[in-house]
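Coordinate analysis (summary)
Spelled out from the first residue to the last, the chains are:
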Amino acid sequence: MNATIDNLVTIYIDGSAYQVKAGGHLLETCLGLAKDLPYFCWHPALGSVGSCRQCAVQLYQDAEDQRGRMVMACMTPVAEGMRVSLSATMASQFRKQCIEVTMANHPHDCPVCEEGGECHLQDMTLQSGHTQRRHKGHKKTYHNQDLGPCVGHEMNRCISCYRCVRFYQDYAGGDDLVVLGSRENVYFGRHQDGCLTSHFSGNLAEVCPTGVFYDKVVSDSYTRKWDLQSAPSICSHCSLGCNVSVGERQGQVKRVTNRYHSQVNGYFICDKGRYGFAHSNSDQGLYQAQVQPLGDTKKVTCDTLHGLDYVAQIMNELGAENVFGLGSPRASVEENFALQSVVGKANFYAGHNAIQDAIQTQVLHQLTQPDIYTPSLKQIEQADAIVIIGEDLLHTAPRMALSVRQASRNLGFAKAAAIGIPKWQDEPVRIHTQNQLSPIISVTSAATDLDDISSQCVHLAPNDMCDFARALASAVEGQFDGSGLSAKLHEQVQQSLALLAGAKRPLVISGASSQSPELIDLAAQLALALGRQSGSEAWLSYALEAANSMGLGLLNKDPKHVGDLALRVQQQSTPSALIVLQTDLFALSTQAAALCENLRHLVVLDQLPSATSDQADVVIACASSFETEGTYVNNEGRAQRYFSVHDKQSRPDAWRSLTNLAAMVIQAGPCSDAVTQLASCTKFDDLCHLVSQQGGEFAHWCDVAPSADFRIAGMKIPRQTHRASGRTSLYANENVSESKQPEDADSALGFTMEGTPINKPSALIPQVWSPGWNSNEAINKFQQEINGPLKGGEAGLRLLDISPNLPLAAAALIPSITIGAGQILAHTQNHLFASDRASALSAALKQRSTVISARMHPDTAAAMGLVDGAEVCVALAQAQWLLPLTVDASMAVDLLLLPSQYQAPISAGHLPAAVNLSAVTQEVN
Amino acid sequence: MKQKTGLGQYIYIVWDYFYSNIVTLVKVASHTFTKADTVEYPEQMPYLAPRFRGRIVLTRDPTGEERCVACNLCASACPTDCISLQKTEDESGRWSAEYFRINFSRCVFCGMCEEACPTYAIQLTQDFELAEYERQNMVYEKQHLLIDGPGKHPDYNFYELSGKAVSGRAKGAGTQEAEPVNLKSLLP
Ligand code: SF4
Ligand code: SF4
Ligand code: SF4
Ligand code: SF4
Ligand code: FES
């Protein structure tokens, strides 16, 4: 009976035998068996330190031992035949006393604490059985700090579990949140007031088991967790597709929190995903359709159906072949598909410029190669050597930077494992490995946030990066003679080669922000070379342009971009119209103005105004990703569905507007099959079914998430908690008779509190809660095992795993850049909090966006007669941009980095380019 | 029991019918000689028990500040879900309700909100005269609910005990609170 099967062992908990996985500790094992055992300092991603003493259990020598001894479950490895008791009086009394001491200094402020109602401390206090404060002494108090617009601070509530600094410093690599003071007077904060600099600081509100660190943005229009109507969603801010839970109340999105996905984001998201939701509530958004009839000078608002009717008239007037559609990497697959159906495949273009298009084609071609595998974020953490080329991950794929940071510890884990220290033994692993890190080679234009963990940082101009990648790939293959490389580059390649020599699980990361299709290709060559060297599959990951770049790429395999469209419209002899989906043409391409000139009609479907919607004669307001349902395909090709959180939409779904448009078009006369089929879609599931009929990667589209018919015990899955309040009062000021809750025909989620909170499929978990577990720590009740997949399996579908190798379409002609006299090559410097429309509307993120400046190497600046801090004028075609110059010795030479910024005079879509650069004072003179 | 049949059953039914009616009549008539429980309302007010639960008010603390800290506990305790509110915060960090609404046409005066309230802000009073011709008028907003006094608990001041610094009460100045920790001190 006691035989060890594989790596399973038998342990006895309170007299019952359990087969459990060896190698773990008792705490995670007990939680994995759905037992309740309180804890504070242990965190599934941070490991054990055994400092809070809350997880005490009684351990017995053998079956005869009646007395036992107390151990900390989180520090005790499970072993064959182990006998423990959670309920033993000694241990449970100890836990109760332990929390009593903890609570002796805890303030009496749950009612005014943002954590109240989802507080791990409240939960654990109740679980331990402590109810009355017997201590009559004074309570300790602390002054608070101003930690910036995102994270609030109320130090009185601290229980000194050290989770915050362990996450902030050890896990996320931040250096400005520290533990100060001495003895029992420890203080968790900064050396002085000031904004937390880590781009992951928002996670503190979830990591801290108390309300010391709370979400300030949530607090501004606070709603308790039990009152939030929540929906499972996917972050729309970058290509990684982190799973998030969105909460709303009274029509306003109130907060975004992490939603566990074992393969994607795990327990953490970045601050852009967490705080970048304000665009959805913004009064600057588009909420009404607008039409400007030909000859009029102003747009008038109208209802959406009227606007669509106008578009249908345009389409009938001009003829289907003269109406074009421009899809968007920011819109869902379903929305893009609907537009593609309306205008026809031949008339559908991607919202990409030539470079972005070429990159997307390369990416698809490389990632579908049989020898290449693109790992998930969780798998990235398993790589033992990483080469990052041309991507400042923190600013373009932030959560991936966090995964890379974890991967850098693999050398240490391996070293510790060699002497029998398991990974979860946080402190011993760190002490044993000291500062040894797995090799990370970072090749970028300037210093990045990952430089501190990189074994080698190489700062090169984009062209040199290609040389470097090419040379390194051939060096790994043993065919490198160093010819044609500068001595310095040669040396750097040799150094990288040495670092990568012993790698067993190497990974290459590159991405779209290099704006070089060639580099995408070379990264793949390097990955293949490294794969061959290590005898394993080549691991390659790309950070892409936007949330659904991959989805758009798969829909539009025969790629056509804005430039192609501009050319085609120009060559048309008949007047033409363009329907643009969530794209600002002007930020994308310098050809935008010419394109708009040549169009008879411009129709824009968007949720925020842009230069393009200003030019348009028809604007159809459509829902943000929080208000509608759809599917994004992330950078690893994982299709993930998001659902609407609002019961009352402020504007219609884009996909529904497009199906309505199709219905109007067929009324006017015969049209293509695609339009007819689209017109017959009344529900979201119909549309998904249509998408799946395309076959190929889309064949299993209906399985991405359960359909709207899915029921548990005959009931939908509730978006509200079972204790949602105010149903008969929230809108009583408008009408005392409350109306029926709207029904949701498009998903299996309901807008009520009715339904079962358990057994939910992984893609349909609006928020986590379990009896006695009100905080996000309740996730342990949803996992198959700690850190493992959710009980309902992994949500989403990896599409590329079933995809045949996609051919590389004829490379788009990308004119090479010639640098004239007095000119310099300008490239984009990405800024996570400033680069796009959506985050520009978040007041908190706006405050955190860094000072805008152009950057240059001091030598290059000196050669051009410029000094640090000088005001410079950057000119590209008609556009001029005045901004200060910062010299940065870490940068590559002969390169100007321009910040990517929403509504900047020179947008990221226009770069790389040769620009004219001059000091402003000279201009004035 | 043996079933009565024929005439026997008929007599039994008639007897049963008359008997129960006579008993009822006698009982009702006997009330003519007992003291009435009703009073001549509205001329005469009925006696209300000290813990009678009527119209709900929001009270103020002894310093005259609004007691309600917008914690939402009353709303979540309410079985008819007839309370809703929104938290707001002043510059000093004091929480209060931006709006506070009770739909008295739904309220069952169970007193759960009062029981849940950690600040003694929400209290049920002895006023039961809430009738309206228009149901819409039974929706009370904060200005209709807020009274000027502390109600049943004249001395309680939540912010004295909460540990939070708010206007007029710095960190460590509350009851049973120590001075804020001096991090720079090395003294034992
Ligand atoms: S941290 Fe938890 S226990 Fe402490 S005041 Fe906040 S809600 Fe209450
Ligand atoms: S601030 Fe929070 S996470 Fe940090 S030690 Fe205190 S209770 Fe723990
Ligand atoms: S890493 Fe990307 S997907 Fe994840 S939360 Fe941040 S912006 Fe969103
Ligand atoms: S329970 Fe009391 S303090 Fe909390 S919201 Fe209700 S009335 Fe205000
Ligand atoms: S969780 Fe085990 S000691 Fe803190």
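Residues numbered from 1 in each chain as written. Chains lettered and ligands numbered in written order. Predicted model: local features only at pLDDT ≥ 70, side-chain atom pairs only at ≥ 80, totals over all residues. Heavy atoms only, no water.

A few points about the overall build of chain B
- Within chain B, the regular secondary structure consists of five helices and six strands.
- Starting at the N terminus and walking to the C terminus, you meet the elements of chain B as α-β-α-β-β-α-β-β-α-α-β.
- Its C-alpha radius of gyration of 29 Å places chain B more than 25% over the 16 Å reference for a compact globule of 188 residues.
- Structurally, chain B occupies a C-alpha span of about 105 × 45 × 30 Å along its principal axes.
- Taken over 188 residues, chain B has a buried fraction of 37%.
- Put simply, 69% of the contacts in chain B that link residues at least 6 apart link residues at least 24 apart.
- Each charge class in chain B can be summarised by its mean position, and for the 20 positive and 24 negative side chains these summaries are 8 Å apart. (Helix = DSSP H or I, 4+ residues; strand = E, 2+ residues; numbered from the N terminus. Rg over C-alpha atoms; globule rule 2.2 N^0.38 Å. Buried < 20%, exposed > 50% of the residue type's maximum accessible area, 1.4 Å probe, protein only. Contact = heavy atoms within 4.5 Å. Lys, Arg positive; Asp, Glu negative; His and termini not counted. Charge placed at Lys NZ, Arg CZ, Asp CG, Glu CD.)

Things to note about the sheet that holds strand β23 (residues 538–543) of chain A
Residues and elements named next belong to chain A.
- As summarised here, the arrangement of the six strands in space is β18-β23-β22-β19-β20-β21, forming an open sheet in which the pairing is parallel. At either margin of the open sheet sits one strand with a lone partner, and together these are β18 (372–373) and β21 (456–459).
- In the sheet, strand β20 (residues 440–444) pairs with β21 via four bridges, with the strands oriented parallel. Among the inter-strand pairings, threonine 444 is bridged to a residue of β21, identified as histidine 459.
- Strands in contact with helix α13 (residues 398–407) are β19 (385–389), β20, β22 (506–511) and β23; relative to β19, the strand with the most contacts, it is inclined by about 145°. (Pairing = 2+ DSSP bridges. Axes fitted to C-alpha atoms, helices over the stretch in contact; angles between N-to-C directions.)

Describing a nonpolar patch on the surface
- Among the surface-exposed residues, Leu7, Tyr10, Ile11, Val14, Tyr17, Phe18, Ile22 and Val26 of chain B lie close enough to one another that they form a single nonpolar patch of about 880 Å² accessible area.
- Tracing the backbone shows isoleucine 22 of chain B in helix α1 (residues 6–30). (Patch = residues over 30% accessible without salt bridge, like charges linked within 9 Å, V, L, I, M, F, W, Y side chains within 5 Å. Areas by Shrake-Rupley, 256 points an atom, 1.4 Å probe, with all protein chains shown as cover. Salt bridge = Lys/Arg side-chain N within 4 Å of Asp/Glu carboxyl O.)

Details of the site of ligand 1
- As a structural note, the neighbourhood of ligand 1 is formed by His106, Asp109, Cys110, Cys113, Glu115, Gly116, Cys119, Leu121, Gln122, Arg157, Thr210 and Gly211 of chain A.
- Across the shell around ligand 1, the residue classes tally to four nonpolar, five polar and three charged. (Near = heavy atom within 4 Å. Nonpolar A, V, L, I, M, F, W, Y, C, P; charged D, E, K, R; others polar.)

Some words on the nonpolar core
Residues and elements named next belong to chain A.
- Of all hydrophobic cores here, the largest spans 112 residues; its most connected members are Leu27, Phe167, Phe213, Ile386, Leu393 and Val404.
- Discounting chain neighbours no more than four positions away, the residues touching valine 404 are Ile380, Ile386, Ile388, Leu393, Ile440, Leu450, Ile453 and Ile509.
- The next biggest cluster of nonpolar side chains, apart from the first, holds 100 residues, and it includes Ala289, Val311, Ile314 and Cys622. (Core = buried A, V, L, I, M, F, W, Y, C linked by side-chain atoms within 4.5 Å.)

Here's the deal with the site of ligand 4
- Looking at ligand 4, there are 14 residues lining it, with Cys68, Cys71, Asn72, Cys74 and Cys117 of chain B nearest.
- Looking at the shell around ligand 4 residue by residue, the classes come out as 12 nonpolar, two polar and no charged.

Description of the environment of leucine 552 of chain A
Residue and element names in this part refer to chain A.
- With respect to the helices and strands, the residue leucine 552 is situated in helix α19 (residues 549–555).
- On the basis of relative accessibility, which here comes to 0%, the residue leucine 552 falls in the buried class.
- Separated by 100 residues in the primary sequence, leucine 552 and aspartate 452 place their C-alpha atoms 35 Å from one another.
- Apart from the residues lying within four places of it in its own chain, the contact partners of leucine 552 are Gly327, Ser328, Pro329, Asn336, Phe348, Ala350, Gly351 and His352.

Description of the domain arrangement of chain B
- For chain B, the assigned domains read domain 1 (1–31) and domain 2 (56–161).
- On a C-alpha basis, the centres of domain 1 of chain B and domain 2 of chain B stand 56 Å from each other. (Domains from an automatic or database assignment.)

Notes on the interface of chain B and chain A
- On the side of chain A, 51 residues touch chain B, which itself brings 45 residues to the contact.
- Of the roughly 3700 Å² buried where chain B meets chain A, counting both sides, 49% is carbon and sulfur surface.
- For the pair chain B and chain A, the interface holds three salt bridges.
- The shortest N-O distance in the salt bridge between lysine 171 of chain B and glutamate 154 of chain A comes to 2.9 Å. (Buried area = accessible area lost by both parts, 1.4 Å probe.)

Looking at helix α24 (residues 654–668) of chain A
Residues and elements named next belong to chain A.
- An ideal rise of 1.5 Å per residue puts 21 Å on 15 residues; α24 measures up with 22 Å between its terminal C-alpha atoms.
- Every buried residue of α24 is listed here: Ala654, Trp655, Ser657, Leu658, Thr659, Leu661, Ala662, Met664 and Val665.
- Within two residues after α24, glycine 669 carries a phi angle of roughly 160°, on the positive side. (Expected span 1.5 Å × (residues − 1).)

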